[in-house]
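Coordinates in review
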Amino acid sequence: SAGSGSGVTPNPVGYNRVYVHLDGAFDYEQWWKNLRAGQVVVTNGPLLRPTVDGQLPGYVFQGEEGKELELEIGLTLSTRDSIRYLEIVQDGAVRHSIRFEDYEKSGRLPKLHFTKSGWFTLRVVTERSDTYRFAMTGPYFVEFDGKPRISKKAAQFFLDWVRERARQIKLDDPEQQREVIEDYRKARDFWSDILHRATAD
């Protein structure tokens, strides 16, 4: 979700935040449910409130093979800092980078086009030179014929990361060490399964 690292880094408590969409009054269980569904924005500054074809982050759009899927982005943005640019990241690469002054003129972002399964997210970056201050939505997903895009490279990255972090765990209490390592084993098995089911490089 999000963490400020306060006490380890110079960030104050609450510097990095996750916002979860809720309809109506706050409800604890619903907050966790919507967090798991990816209806989120993470930020250390601006507040980004997107809809894509009327849908929130985490939504899975469906397409049919042989037909192009076109998606239109709607965006509400609140910020205390000047915005430098907005980005649309598609399948792990920046597909569009739009200067904020250009976005202000039209009030529109480029439409997205998919001909196969993938994902995308929206990111906005401020003009601050002393830090990287930005906001980013949770991902949206696109599935053609019900088949998700699963990146082999991304799955291998997280599998390697879990293994590296597990090797660094050194706790004085043997029982606590076993408990923590068990969580890492579950994460390892999770990413191993994802890697096995990869559908894209």
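Refer to the structure printed above.
So, here's what we can say about the structure.

Reading the values: the criteria
- Residues numbered from 1 in each chain as written.
- Predicted model: local features only at pLDDT ≥ 70, side-chain atom pairs only at ≥ 80, totals over all residues.
- Heavy atoms only, no water.
- Helix = DSSP H or I, 4+ residues; strand = E, 2+ residues; numbered from the N terminus.
- Expected span 1.5 Å × (residues − 1).
- Buried < 20%, exposed > 50% of the residue type's maximum accessible area, 1.4 Å probe, protein only.
- Contact = heavy atoms within 4.5 Å.
- Polar contact = N/O pair within 3.5 Å; in protein donor to acceptor, adjacent residues only side chain to side chain.
- Salt bridge = Lys/Arg side-chain N within 4 Å of Asp/Glu carboxyl O.
- Pairing = 2+ DSSP bridges.
- Patch = residues over 30% accessible without salt bridge, like charges linked within 9 Å, V, L, I, M, F, W, Y side chains within 5 Å.
- Areas by Shrake-Rupley, 256 points an atom, 1.4 Å probe, with all protein chains shown as cover.
- Phe/Tyr/Trp six-rings, centres within 6.5 Å; stacked < 30°, edge-to-face > 60°.

**What about helix α4 (residues 174-196)?**
The terminal C-alpha atoms of α4, which comprises 23 residues, lie 32 Å apart, in line with the 33 Å expected from a rise of 1.5 Å per residue. If you check which residues of α4 are buried, you get Q177, I181 and I194. Elements that come into contact with the buried residues of α4 comprise α3 (152-167). Taking the backbone nitrogen of E175 as reference, a side-chain oxygen 2.9 Å away marks D173 as the first, capping residue of α4.

**Some points on the pattern of salt bridges**
Tallying each qualifying case throughout the model produces 14 salt bridges. A salt bridge links K111 to E70, with the shortest nitrogen-to-oxygen separation between them at 3.5 Å. Of this pair, K111 sits in the loop between α2 (100-106) and β9 (112-114) while E70 sits in strand β5 (residues 69-71), placing them 41 residues apart in sequence. On the accessibility criterion, E70 (42% relative accessible area) is partly exposed. A salt bridge links D102 to K105, with the shortest nitrogen-to-oxygen separation between them at 4.0 Å. Taken together, the residues D102 and K105, both in helix α2 and 3 residues apart, mark about one turn of the helix.

**Remarks on the environment of Y132**
Relative to the assigned elements, Y132 resides in the loop between β10 (118-126) and β11 (134-137). It is 24 Å that separates the C-alpha atoms of Y132 and W119, two residues lying 13 residues apart in sequence. Setting aside residues no more than four positions away along its own chain, Y132 makes contact with N44, R123 and V125.

**Re the pairing of strand β3 (residues 47-52)**
Residues L48, P50 and V52 of β3 are buried on one face, while the alternating residues L47, R49 and T51, pointing to the opposite face, are not. Where β3 and strand β6 (residues 73-78) come together, 6 bridges link them in antiparallel fashion. Considered in β6, the bridge of V52 is made with I73.

**Considerations on a nonpolar patch on the surface**
Judged by side-chain polarity, F26, Y28 and W32 come together as a nonpolar surface patch covering roughly 370 Å² of accessible area. By the element assignment, W32 lies in helix α1 (residues 28-36). Exposure remark for W32: the relative accessible area of 33% places this residue in the partly exposed category.

**Here's the deal with the packing of aromatic side chains**
A full pass over the atoms with the stated rule returns 13 aromatic pairs. Judged by centre distance (5.1 Å) and plane angle (85 degrees), the ring pair of F190 and W191 falls under edge-to-face. Residue class for F190 comes out partly exposed when judged on its relative accessible area of 47%. Residue classification places W191 among the partly exposed residues on the basis of a relative accessible area of 22%.

The values are spatial; any link to function lies outside them.
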